[in-house]
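In case you want the letters, here they are:
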Amino acid sequence: MIQNDIGTNDAHVLVIQVEGLRLSLTYSDLHRQRFSFFQNLLGEIGAQWSAVVSRTTEGLNAGESYFVGTATFDSANETALTATLEALGSRIVFLIDWNRARKRLRLVVGKSNAILVLNESARRDIGHMGWLEAGAERLLFDAMEAVGGEFFRIGDRLDTVLGDEPARAFMLEAMAAASQAMQEHQPIPRIADSIRLLLLRHLGHQRDVFELLNEHAAFCHELAEGLQDALTHGLEHDSKAVAKLATRAKGWEHEADLLVMRSRKRAERNARWLPFTRLIEKADNIADALEEATFLLSLIAEGHHKGWHGKVRETLSRLAGRTHEAVRDHVKALTIAGVLREGGTAEDHEAFLAVTWRAVDAERQCDELLRDVRRALVRHVDDPVTLTLATDFAESIELATDALMVASFGIRELVLDRIGADR
C-alpha cells in the first residue's frame, strides 16, 4: 500500500493498494475540476472509476466538502501490473501544482482554455512545472509587451487576440519549450527570448488579416460564376436546374454572412480589426446582389422568359460575363494585397493598382451594358411580368459591380495606409 498526501490540505490524498494482479487507487480532492482532470488522465491508461461522491468530515478540510472516488486496474500478469504502476506514477506528477498552473493560465487564456491546455499538456507529457518555474504568465505578458501595440493592448489575453484554438496551440508550444529549457538549465532571459520568438511566429500565422476577405471573395466568385454559367447554358428554360442553383447561391451567401459576423466579433475584441470589418461589410453587398440576381433568375425560369432570345440573351450574357471578370479581379486584388503586407516588389505594386482600377472600369462598363439590356428588353419583350423580372435581374447584376467598385477603393486605401504605416 502506498499513501501520498499530495496537496497542502488534508483532503488531497491518494492511496494505492495492490492485491494480486488488481491495483486500486482511492483519490480525494476538494477541487472538482482537478478531480475530473485526474479521472480523465487515468481513464486513458485503463482505469475503471467508481461513482464519485461528495463528503464532509468533521475536523477535515475545515469542514468543507471534498470528492472521493476509486479507480481500479486489472492486469493479466505481473509484467502488465508493473507497466500499469509505471503509467500511474507518470500521471500522478501532473497533479503537482495543478491548481496554481490553472490560476496562472487563466490570466492568459481564460478559464475554459486553461483547463483544456492543462489536459492536453499532460496527455503530451509536457506538463506545467517548467512553465511555472520559468515565470508563468509573466513570460507571456513580457512577450506581448515586447511585440507592441499593433497586436496587443494592455489587459489583452491571448485568446481574445489569437482566438481560442490558436491561443491553446501557442500555450502548448510555450509550455513544451519552457519545460525543455528548464531541463537543460537554460537561463530565464534566454527562455523569455524563445517565448517572444514563438509568439511572433504564431502572430505571423495570424498576420494575413485578408484571410476572411479572401474567403468571402471566394463565395462571391462562386455566385458570379454560377450566374454566368446559367446564362451561357440557357438555364432560364430549366426551372429545376435554376432552383438548385438558387439554393446553392443562398448557401454561399449565408456562408459569406457568417464570415462578416466572424470579422465583427474580432473587431469587438480588438479594434485593430475594425478597418477589415468595415471592408468585408462593403464586400458583402457583392454577395447579396448576386444571390438576389440568382433568385430572380429562378423566378424567370418558372415560365417568365418570353422574348429571351437574340439581343436580350446577348446583352444579359455580356453583363453577367463582365461582372464575373470583375469578381475575379476582386479575388486577385486581395491575393496581391496579402503579398504587399510583407513588402512585395515594384511589380506587385503595379499589379495591385492595375487590378483594383479594373474594378472601377468594370462598374462603368456595366452601367453601359445595363442600358443595353434595358434597350433590348423594351424592344423584344412584351410580357409585363417578364419585362419587370428581367429588368430587376439585370439591375441586381449591375448592383454587384457598384459594390465591387466600393470594395476595390476600400482595399486600395487599406493597403496603401498599411504600407505607409509599416514604413
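Cut-offs and rules
- Residues numbered from 1 in each chain as written.
- Predicted model: local features only at pLDDT ≥ 70, side-chain atom pairs only at ≥ 80, totals over all residues.
- Heavy atoms only, no water.
- Helix = DSSP H or I, 4+ residues; strand = E, 2+ residues; numbered from the N terminus.
- Expected span 1.5 Å × (residues − 1).
- Contact = heavy atoms within 4.5 Å.
- Salt bridge = Lys/Arg side-chain N within 4 Å of Asp/Glu carboxyl O.
- Buried < 20%, exposed > 50% of the residue type's maximum accessible area, 1.4 Å probe, protein only.
- Phe/Tyr/Trp six-rings, centres within 6.5 Å; stacked < 30°, edge-to-face > 60°.
- Lys NZ or Arg CZ within 6 Å of the ring centre and 35° of its normal.
- Axes fitted to C-alpha atoms, helices over the stretch in contact; angles between N-to-C directions.
- Parallel < 35°, antiparallel > 145°, perpendicular 65-115°, else oblique.
- Left-handed = near helix turned anticlockwise from the far one by under 90°.
- Nonpolar A, V, L, I, M, F, W, Y, C, P; charged D, E, K, R; others polar.
- 1 Å grid on protein atoms, 1.4 Å probe; cavity = no way out; pocket = protein on both sides within 12 Å on 5 of 7 lines; lining within 4 Å.
- Points joined across faces, edges and corners; volume = space filled by probe spheres on them.

A. Structural view of helix α1 (residues 32–43). The terminal C-alpha atoms of α1 lie 16 Å apart, and with twelve residues this matches the ideal 16 Å at 1.5 Å per residue to within 8%. Those residues of α1 that are buried lie in contact with β3 (22–29), β4 (48–49), β6 (66–74), α2 (78–92), α3 (98–109) and α4 (111–123).

B. Molecular detail of the pattern of salt bridges. Inspection of the entire model under this criterion finds 20 salt bridges. Between D125 and R91 there is a salt bridge whose closest N-O contact spans 2.3 Å. Residue D125 is found in the loop between α4 and α5 (129–134), and its partner R91 is found in helix α2; the two are separated by 34 residues along the sequence. Classification of D125 by relative accessible area gives exposed; the value is 52%. In this structure, R374 and E395 form a salt bridge, with 2.5 Å as the shortest nitrogen-oxygen distance. Here E395 lies in helix α15 (residues 384–422) and R374 lies in helix α14 (residues 346–380), a separation of 21 residues in the sequence. The exposure class of R374 is partly exposed, given its relative accessible area of 37%. Owing to a relative accessible area of 30%, E395 belongs among the partly exposed residues under this scheme.

C. Region of interest: unusual backbone geometry. At A136, a position not held by glycine, the phi torsion is positive, near 55°. Tracing the chain through its elements places A136 in the loop between α5 and α6 (137–147). With a relative accessible area of 4%, A136 lands in the buried category. Positive phi, close to 60°, is recorded for H185, a residue that is not glycine. Tracing the backbone through its elements, the reader meets H185 in the loop between α8 (164–183) and α9 (188–206).

D. Geometry of the packing of aromatic side chains. The final tally for this structure, using the stated rule, is six aromatic pairs. In textbook terms, an aromatic cluster arises when at least three aromatic residues are bridged by ring pairs, as seen for Y27, F35, F38 and W49. Across the ring face of F67, the terminal group of R32 is positioned such that the distance to the ring centre comes to 5.3 Å.

E. Just the packing of α1 against α2, in detail. Packing of α1 against α2 leaves a shortest axis separation of 10 Å and a crossing angle of 150°. By the criterion of interaxial angle, the relationship of α1 to α2 is roughly antiparallel. The way α1 lies across α2 gives a crossing that is right-handed. Touching F38, L41 and L42 of α1 are L88, R91 and I92, all from α2. Broken down by class, the residue content of the contact of α1 with α2 amounts to five nonpolar, no polar and one charged.

F. Focus on empty space enclosed by the protein. Counted under the stated rule, the structure contains three cavities of 30 Å³ or more. Put simply, the largest cavity is a space of about 50 Å³. Taken together, the elements giving at least two residues each to the lining of the largest cavity come down to α13 (311–340), α14 and α15. Per-element accounting of the lining of the largest cavity gives the leading share, four residues, to α13. In terms of residue class, the lining of the largest cavity is built from six nonpolar, three polar and one charged.

G. Expanded view of the packing of α3 against α4. Two numbers describe how α3 lies on α4: the axes approach to 8 Å, and their chain directions differ by 130°. Taken as axis vectors, α3 and α4 run oblique relative to one another. Between α3 and α4 lies a crossing whose hand is right-handed. Across the interface between the two elements, W98, A101, R102, L105, R106 and V109 from α3 touch K111, N113, A114, I115, V117 and L118 from α4. Its residues assigned to classes, the contact of α3 with α4 shows eight nonpolar, one polar and three charged.

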